[in-house]
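Chain and residue survey
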Protein chains: 2
Amino acid sequence: MNKITPRTLSGFMELLPAPQQQMERFLQTLRESYALYAFTPLDTPLVESAEILLAKGGGDTEKQIYRFQKGDADLALRFDLTVPLAKYVALHAGELCFPFRRFQIGKVYRGERAQRGRFREFYQADIDVIGDGKLDIVNEAEIPAVIYSSFTRLGLKRFQIQVNNRKILNGFYELLGLADKSGEIMRTVDKLDKVGPDKLRQMLVSNVGLSEAQSDEILKFMGISGSNAEVLEQLAAYQGKNEGFDLGLEELKTVVKYLDAFGVPEENFAINLTIARGLDYYTGTVYETLMLDHPEIGSICSGGRYDNLAGYYTDRRLPGVGISIGVTRLFYILQEQGMLNDGLNTAPADVLVLPMTEDLTAAAQAATLLRGRGIRTQLYTEQKKFKAKMSYADKLGIPFVAFLGEDEVAQGKISLKNMATGEQSLLSLEEAAEMVRAELNAREAGSLLLG
Amino acid sequence: MNKITPRTLSGFMELLPAPQQQMERFLQTLRESYALYAFTPLDTPLVESAEILLAKGGGDTEKQIYRFQKGDADLALRFDLTVPLAKYVALHAGELCFPFRRFQIGKVYRGERAQRGRFREFYQADIDVIGDGKLDIVNEAEIPAVIYSSFTRLGLKRFQIQVNNRKILNGFYELLGLADKSGEIMRTVDKLDKVGPDKLRQMLVSNVGLSEAQSDEILKFMGISGSNAEVLEQLAAYQGKNEGFDLGLEELKTVVKYLDAFGVPEENFAINLTIARGLDYYTGTVYETLMLDHPEIGSICSGGRYDNLAGYYTDRRLPGVGISIGVTRLFYILQEQGMLNDGLNTAPADVLVLPMTEDLTAAAQAATLLRGRGIRTQLYTEQKKFKAKMSYADKLGIPFVAFLGEDEVAQGKISLKNMATGEQSLLSLEEAAEMVRAELNAREAGSLLLG
C-alpha cells in the first residue's frame, strides 16, 4: 500500500507526552485559579457562522480567518474568545445574572504567516466580567489580582502587570488639541520602547505631523515614571483641564488603591502611560504583562475595559473588563527558556507493576488496589526480557516499579523499587501505596515554572 | 447600527453556566479516571491536512467531513480521535515507548443531518493502548475496567459493558461456509435486538440469501446466553473445528478470567455474541456499553482490538485496543433523563462577599483571604439595593453570602449566611473559611450522576 507521509500542519502545536503533561498542569492551574476568583467556565463552539464572527470584520481578521462552506452554511473557526462571548451574552442575556463572570480556555485559529513561535492554532485563556448597563471600577482593580494569582500559582516570579487608562490618554491628547490624531499618535508611541525617545520625537514630527512643541509635550508625559504613588502625583499636574482625563485619573487611582487589598504586591504592578492596546475597543483601564527578564517577548497577557461588548448583536449595553493569556505562545516561550520545572512527574504512571509470573491475576489485583488509592498505575503486560521492562520504566521516568514474583504473590506483598534512589523494599500494598504517595507529594511540592 | 441576530449553529452544544459546570465535572472525572489507569493525555490539532484525515476515505466520512482550503492547503476538521492518533504514533514512533497508552478528550466534527440529540461538534473521550508489533491480550481485559471505573466515579450504576470477539464470529461463519458473506450477515444480525429472531431469520434468508438451515444455525448461535461461564461453556461446543474460532474463544476466556482481578463486577459485564462493531477495522475483542434502563439509546461507549493502527502512514505494525465515550451525546441523554445530580454546587462561587460600606478595602481583603484558602469567592461590586444583591446570590445558587458592614469591619469579622438554612453567624475569616469548607465537602460527597 502506498503510504501517506504523516505530518502535523505547520503552526499547529503537537506535544510529546512529557511536555503535554506539563501543558495539562499549566491549563489545570489556570482553570483552578480562574475558578477561585468565581469566574464560571464556558465552552462555546469552535465553529460559528461567519456572519457572526465577522460582524466587526475588516483588517487582519478577514485575512487570517479560516472560513469555509458546508452545504449552504458560511462557517468559520473562531479567531478569539471575545466575539463568541459577545454572541453568547447577547443570545443568552435573559438567562444570565449580571455581573456575569466567565472564563474560557480554548483553541482559536488565525492563518498568520507561519514562523517560529507563532501559532495558527493556539489556546487563549480569557476572563471577563460583564455588567448590564454599568460595571463598577473595582472590577478593573481585581483583574490584575487574578493574573497575579494565576502566574504565581504557576511559579512565575519576575513578571509585571502594566496598567494605563485610555481616558487619561484621550484626555491628554484633547488637551493638546490632538484628539483627531490620537489613534495615530498612540500607534506611534507604542514603539517608544523599541526606538527610544529621540527617534520617537522625530517620528511624531515627520510621520504624524506634530509640532516640535507637541512632540516634546508627549515625550514629557510618556516619560512620567516612578512608583505608582509618584506617577499619580505627576499626573495630578494635568488635572482640572479635561473631564475625560480627570475621570481616567480617578479610575487609575481607584485601581491602584485596591491592589493591596486584592493581594497584588507593588513589584508586580506598574502604571505605564505608553500602553494603549487596540484602538477602537478599549475605553478605560488597559493591561499588558511583561516578563521582566524577557521584555523582548512583549506582552504575555493583555486586556482592558470596554464599554459595549455585544453592540453588533444587541441593543443592550454590556460594558465589561477582561484579560487574556496567550497560552500556547507563552508555554512555547517558557519551554524555550528552560523555565519548565522538569523535577515534576511527567511520566504517565506513578507505579509500573512488573509481573514475574505467567498468570497476571495477582499483578492485576495489585494494580487495581493501587489505583483505588489514587495512584496512577500501569500493569506491564508484554512478554519481554527483564532489562527491556526496566528500560521502559526508566525511559518514561516512572518513579516506582513494583515486582510481583512467586514469593511476593505467596506473601501477598510487592517489592517496590524507587527508581531514583534504587532502594527496594518488600511491602504490603497498603505500605507501598503510602510510600508512593509520600514520594509523589514531595515531588509535586514544586511549581510548574522555575523563576 | 444594524444588528446581526446572535445564534449558535444547529448541532453545536452550547451550555448555560450551571450545566456547563456539570459538564466540566464530567470531563474532569474522565481525565482523572483515565490518568489513574496510566494513560497519558494527548492534545492533537483539530485541523489536519485533508490528505491525512481522508487516507482511508470513503463512505460517510467523506460526506460528513468539514473540509476547506486555506491558501494552497487542503484542510479538514478531525472527525474522530483515532485517525489523529494513528498519525501521531506514525509520526513520533521513534520518540514513544511501547506499549503506548494515551487518552484524548477533545471535540470532533461530523456534518450529519441535524436532529435532536445528534451533534455536529461533540466531545469524544478515547483511550488506546498501542503495541509495537504485538500487544498482549491482557490489555483487552483491562479496557472494561477503565470504563467500569470511569462510569462508577461518575455515579452511573445501571450499565453493562458487552463484549464479543471478532475471531469467534469470523470463525463461526467460516464453519458455516459463509466467510464471504460474513460482513453482510453481521450487519443483519446487528438488528436482532430491534427486529426479533423471527424477522431476522426471514431477513437472513430473503436479503442475504442464506438457507433456512444456515439461518437457524446463526440464530441458535446468537441465542447463546446466560452467565459468562455458561456462555463460554456453550461456545466450547463449537471448538476444535476452526483455528480462528478457537483462538477467539481463548481470548474471550482470558478477558473474562481477568475481569475480577481488574475489579469489574460480573453484573457490569456480559458476553454478547451479536455485537460486531465496524466491519473492517476491529479484529479481536469488541466492546459496546448499554445503559440497562435505556437500551433504546444504543451503545454509549464502544471500541475494540485492531491489528494495524497506522497502516496508511507507516510500515510499522502497530496493533492496539481502544474504546471511546461519546461524551456530548451521553451528557445530553443524562440531562434529558434527569440523571444529573443537581445537589452538586453549580454556582460560580462558594461565597459572595457583600460589602455594606462605601469603601471596599475590607471586603476585598476578605475575598482575598478566602480565595487564599481555596474558597471560590466573588466580591459583589455593584451599587444595587440589598434585595437585588441577595437575589443575585439566590439566582446563581451561591451557597454562602458574607456581609461586611461597619460593625463587621471594626471587629475584623464577617457575618456569614448559609443561603440554604438561612442561618447567619458572626465569624472570623478563619472560622468562616472552615464553615464553608465543611459545607462544600458535604455537598460534594455526592457523585455527578444519580442512579
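What counts and how
Residues numbered from 1 in each chain as written. Chains lettered and ligands numbered in written order. Predicted model: local features only at pLDDT ≥ 70, side-chain atom pairs only at ≥ 80, totals over all residues. Helix = DSSP H or I, 4+ residues; strand = E, 2+ residues; numbered from the N terminus. Buried ≥ 20, exposed ≤ 12 C-beta atoms within 10 Å, placed from the backbone. Contact = placed C-beta atoms within 7 Å. Arc of directions from axis to C-beta. Axes fitted to C-alpha atoms, helices over the stretch in contact; angles between N-to-C directions. Parallel < 35°, antiparallel > 145°, perpendicular 65-115°, else oblique. Nonpolar A, V, L, I, M, F, W, Y, C, P; charged D, E, K, R; others polar. Least-squares fit on C-alpha atoms with pLDDT ≥ 70 in both. Left-handed = near helix turned anticlockwise from the far one by under 90°. Pairing = 2+ DSSP bridges. Expected span 1.5 Å × (residues − 1). Domains from an automatic or database assignment. pLDDT = per-residue confidence, 0-100.

1. Here we look at the overall build of chain A
A count of helical and extended segments in chain A gives 16 helices and 16 strands. In terms of its C-alpha atoms, chain A occupies a principal-axis envelope of roughly 90 × 55 × 45 Å. Taken over 451 residues, chain A has a buried fraction of 47%. Sequence separation of at least 24 residues holds for 69% of the intrachain contacts in chain A that already meet a minimum separation of 6.

2. Remarks on helix 9 (residues 212–222) of chain B
All names here are of chain B. Ser215, Ile218 and Phe221 are the residues of helix 9 that are buried. Down the axis of helix 9, the buried side of the element spans an arc of 125°, and every buried residue falls inside it. Seen from the buried face of helix 9, the exposed residues on the opposite side, beyond 90 degrees, are Glu212, Ala213 and Lys220. Summarising the contacts, the buried residues of helix 9 are in contact with helix 6 (166–175), helix 7 (182–189) and helix 8 (192–206).

3. Considering the packing of helix 7 of chain B against helix 8 of chain B
All names here are of chain B. The contact between helix 7 and helix 8 brings their axes to 9 Å, and the two run at 135°. In this view, helix 7 runs oblique relative to helix 8, as classed from their interaxial angle. Here Ile185, Thr188 and Val189 of helix 7 come into contact with helix 8, specifically with Leu192, Leu200, Met203 and Leu204. Broken down by class, the residue content of the contact of helix 7 with helix 8 amounts to 6 nonpolar, 1 polar and no charged.

4. Observations regarding the interface of chain A and chain B
Each partner contributes residues to the interface: chain A has 76 residues there, and chain B has 77 residues. Considering every element that reaches the side of chain A that touches chain B, the biggest residue donor is helix 1 (residues 17–36) of chain A, with 6 residues. Residue composition of the side of chain A that touches chain B, grouped by class: 39 nonpolar, 18 polar and 19 charged.

5. Some words on the relation of the copies chain A and chain B
Once chain A has been moved 0.0 Å along the axis and rotated by 180°, it coincides with chain B to within an RMSD of 0.0 Å. Overall, the copies show the geometry of a two-fold rotation axis. Nearest to the rotation axis, the C-alpha of Phe68 of chain A is located 2.9 Å from it, this being the minimum over chain A.

6. A closer look at unusual backbone geometry
Residues and elements named next belong to chain A. At the junction of Phe98 and Pro99, the peptide bond is cis and its omega measures out at 0° in the coordinates. As for its position among the elements, Pro99 is in the loop between helix 4 (82–92) and strand 5 (100–109). Backbone geometry places Ala38, a non-glycine residue, at a positive phi of 65°. Mapped onto the secondary structure, Ala38 falls in the loop between helix 1 and strand 1 (40–41). Residue classification places Ala38 among the buried positions, given that 26 C-beta atoms sit within 10 Å.

7. Describing the packing of helix 10 (residues 228–236) of chain A against helix 11 (residues 243–259) of chain A
All names here are of chain A. For the pair helix 10 and helix 11, interaxial distance at closest approach is 11 Å and the crossing angle is 165°. Between helix 10 and helix 11, the angle falls in the class roughly antiparallel. Taken as a pair, helix 10 and helix 11 cross one another with a handedness that is left-handed. Packed against helix 10, whose contacting residues are Asn228, Leu232 and Leu235, the element helix 11 presents Leu249, Leu252, Lys253 and Val256 at the interface.

8. What about the sheet that holds strand 2 (residues 47–49) of chain B?
Either a parallel or an antiparallel arrangement is found when strands of a sheet pair, and the pairing is made through backbone hydrogen bonds. Residues and elements named next belong to chain B. The strand order across the open sheet built from 3 strands is 2-4-3, with neighbouring strands paired in antiparallel fashion. Only two strands of the sheet have a single neighbouring strand rather than two, namely strand 2 and strand 3 (67–70). Looking at each pair of strands side by side, their axes are set apart by 40° on average, direction ignored. Where strand 2 and strand 4 (residues 73–77) come together, 3 bridges link them in antiparallel fashion. The residue bridging Val47 from the neighbouring strand is Leu77, located in strand 4.

9. A look at helix 5 (residues 138–154) of chain B
Residues and elements named next belong to chain B. Here helix 5 is 17 residues long and its end C-alpha atoms lie 25 Å apart, about the 24 Å a rise of 1.5 Å per residue gives. Where burial is concerned, most of helix 5 is hidden: 15 out of the 17 residues are buried. Following helix 5 by one or two positions, Gly155 has its phi on the positive side, about 105°.

10. Examining the domain arrangement of chain A
Residue and element names in this part refer to chain A. Split into domains, chain A comes out as domain 1 (11–152 + 293–346), domain 2 (159–270) and domain 3 (351–435). Between the C-alpha centres of domain 1 and domain 2 there is a distance of 27 Å. Residue-level contacts link 10 residues of domain 1 with 13 residues of domain 2. Split by residue class, the side of domain 1 that touches domain 2 holds 8 nonpolar, no polar and 2 charged.

11. Observations regarding the pairing of strand 6 (residues 121–130) of chain A
Residues and elements named next belong to chain A. The buried fraction of strand 6 amounts to 10 of the 10 residues, a majority that puts the element mostly inside the structure. Residues Glu121, Tyr123, Ala125, Ile127 and Val129 of strand 6 are buried on one face, and the alternating residues Phe122, Gln124, Asp126, Asp128 and Ile130, pointing to the opposite face, are buried as well. Sheet topology note: the strand 5/strand 6 ladder contains 10 bridges and is antiparallel. Residue pairing in the sheet places Ile105 in a bridge with Ala125 of strand 6. In the sheet, strand 6 pairs with strand 11 (residues 320–326) via 7 bridges, with the strands oriented antiparallel. Residue pairing across strands places Ala125 opposite Ile325, the latter belonging to strand 11.

12. Regarding the sheet that holds strand 11 (residues 320–326) of chain B
Residue and element names in this part refer to chain B. In spatial order, the strands read 1-5-6-11-10-9-7-8; together these 8 strands make up an open sheet with mixed pairing. This sheet does not close on itself; its edge strands, each paired only once, are strand 1 (40–41) and strand 8 (269–271). This element, helix 11 (residues 243–259), spans strand 7 (159–165), strand 8 and strand 9 (282–291) of the sheet and lies at about 150° to strand 7.

13. Overview of the pairing of strand 12 (residues 351–355) of chain A
Residues and elements named next belong to chain A. The buried fraction of strand 12 amounts to 5 of the 5 residues, a majority that puts the element mostly inside the structure. Burial of strand 12 is two-sided: the residues Val351, Val353 and Pro355 facing one way and the residues Leu352 and Leu354 facing the other way are all buried. As paired elements, strand 12 and strand 13 (residues 377–379) share 3 bridges and run parallel to each other. Within the sheet, the bridge partner assigned to Leu352 lies in strand 13 and is Gln378.

14. Looking at the confidence of the model for chain A
Interpretation of the predicted coordinates at a detailed level should be avoided for regions scoring low in pLDDT. This prediction gives chain A a mean pLDDT of 95; 99% of its residues lie at or above 70. The ipTM for the predicted assembly is 0.96, set against a pTM of 0.97.

15. A closer look at the environment of Asp180 of chain B
As for its position among the elements, Asp180 of chain B is in the loop between helix 6 and helix 7. Placed 219 residues apart in sequence, Asp180 of chain B and Pro399 of chain B show a C-alpha to C-alpha distance of 64 Å.

16. As for the environment of Thr8 of chain B
Here Thr8 of chain B shows up in the segment before helix 1 (17–36). Taking the C-alpha atoms as reference points, Thr8 of chain B and Phe100 of chain B, separated by 92 residues in sequence, lie 38 Å from one another. Residues in contact with Thr8 of chain B, not counting those within four places in the same chain, are Pro45 and Leu91 of chain A together with Glu14 of chain B.

17. With respect to the environment of Gly338 of chain A
Within the secondary structure layout, Gly338 of chain A lies in the loop between helix 12 (327–336) and strand 12. Put simply, Gly338 of chain A and Leu450 of chain A are 112 residues apart on the chain and 8.3 Å apart in space, counted from C-alpha to C-alpha.

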